[in-house]
Amino acid sequence: MQNDSDRFFVLTGGPGSGKTTLIEALKQAGFATAPEAGRGIIRDQMAIGGPALPWRDRALFAELMLSWELRSWHAAHAKSGPVFFDRGVPDTLGYLRLCGLRVPDHLVNAAEKFRYARRVFVAPPWPEIFAQDDERKQTLDEARRTHDSVAGVYAELGYELVPLPLVPVEERVRFILVEAGLRA
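Residues numbered from 1 in each chain as written. Predicted model: local features only at pLDDT ≥ 70, side-chain atom pairs only at ≥ 80, totals over all residues. Heavy atoms only, no water.

Enquirer: Describe unusual backbone geometry, and please don't skip the residues or the numbers.
Expert: Positioned with a positive phi, Arg87 is a non-glycine residue whose angle comes to about 85 degrees. Tracing the backbone through its elements, the reader meets Arg87 in the loop between strand 3 (83-86) and helix 4 (89-98). Its relative accessible area of 10% is what places Arg87 among the buried residues. (Helix = DSSP H or I, 4+ residues; strand = E, 2+ residues; numbered from the N terminus. Buried < 20%, exposed > 50% of the residue type's maximum accessible area, 1.4 Å probe, protein only.)

Listed below in structure tokens is the structure:
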């Protein structure tokens, strides 16, 4: 949509691969960030007894994820410098495919229209740090399949996938900043 999106960097991958920890570290380093939709939606829906939960209504959950990601994308334009996103619009396509649900045309249109920087950082499955909790009910196998699904969608949309190394968060931050062209 706008050239601003060249400064919008997505971190994607399966659950439990260290994305949110990495986003928090980037935020602590002074970078603008956009939080992940899934956890926020699950937290809110659980608090209000809502139906848009992945274990109740996956299609409705996906629509709320799309709405959240579009809002984050628009809000990022008001921020200066690079913005790091904990997932992006294409992740919603990956989620629907993973669930075996039809991907509506409007979601495909959104993924094509609301773009991010060409290089997308992909956190591979990391069994040593993977953990389940009240909001993350997926198994490690589901996390692996999620990784494959979302990475496939980004590749189909023409993004360059940059796998993150399985190293401590400080080293991951350095890696991302170098790969994003923000540090030498």
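Structure's up, so let's keep going.
Enquirer: Provide a residue-level description of the nonpolar core, including the pertinent values.
Expert: Formed by 35 residues in total, the largest nonpolar core has its most connected members in Phe8, Met65, Phe85, Val89, Tyr95 and Tyr116. Residue contributions to this core peak at 7 residues, all from helix 3 (residues 58-76). Sequence-distant contacts of Tyr116, defined by excluding residues within four places in its chain, comprise Ser5, Phe8, Val10, Glu69, Trp73, Phe85, Gly88, Val89, Pro90 and Tyr159. Leu22, Leu164, Leu177 and Ala180 belong to the second-largest nonpolar core, a separate cluster that totals 16 residues. (Core = buried A, V, L, I, M, F, W, Y, C linked by side-chain atoms within 4.5 Å. Contact = heavy atoms within 4.5 Å.)

Enquirer: For the pairing of strand 3, give the residues involved together with the corresponding values.
Expert: Residues Val83 and Phe85 point to one face of strand 3 and Phe84 and Asp86 to the other, with burial holding for every one of them. Of the strand pairs in this sheet, strand 2 (residues 32-34) and strand 3 are connected by 3 bridges, and their pairing is parallel. Directly across from Thr33, in strand 3, lies its bridge partner Phe84. (Pairing = 2+ DSSP bridges.)

Enquirer: Please provide a residue-by-residue account of the sheet that holds strand 1 (residues 8-13), values included.
Expert: Within a sheet, each strand pairs with its neighbour through backbone hydrogen bonds, oriented either parallel or antiparallel. Read from one edge of the open sheet, 5 strands run 2-3-1-4-5, paired in parallel fashion. Each edge of the open sheet is held by one strand with a lone partner, namely strand 2 and strand 5 (160-163). In this sheet, neighbouring strand axes are inclined to one another by 30 degrees on average, regardless of whether the strands run parallel or antiparallel. Helix 3 rests against strand 1, strand 2 and strand 3 of the sheet, and its axis sits at about 175 degrees to strand 3. Its contacts with the sheet put helix 7 (residues 169-179) on strand 1, strand 3, strand 4 (119-123) and strand 5, and the angle it makes with strand 4 is roughly 160 degrees. (Axes fitted to C-alpha atoms, helices over the stretch in contact; angles between N-to-C directions.)

Enquirer: Describe helix 4, and please don't skip the residues or the numbers.
Expert: For helix 4, the tally of buried residues reaches 8 of 10 residues, placing the bulk of the element in the interior. Among the residues of helix 4, Val89, Pro90, Asp91, Thr92, Leu93, Gly94, Tyr95 and Leu96 are the ones counted as buried. Check the buried side of helix 4 and you find it contacts strand 1, helix 3, helix 5 (105-113) and helix 6 (140-156). In the stretch just after helix 4, Gly100 is the one whose phi turns positive, near 75 degrees.

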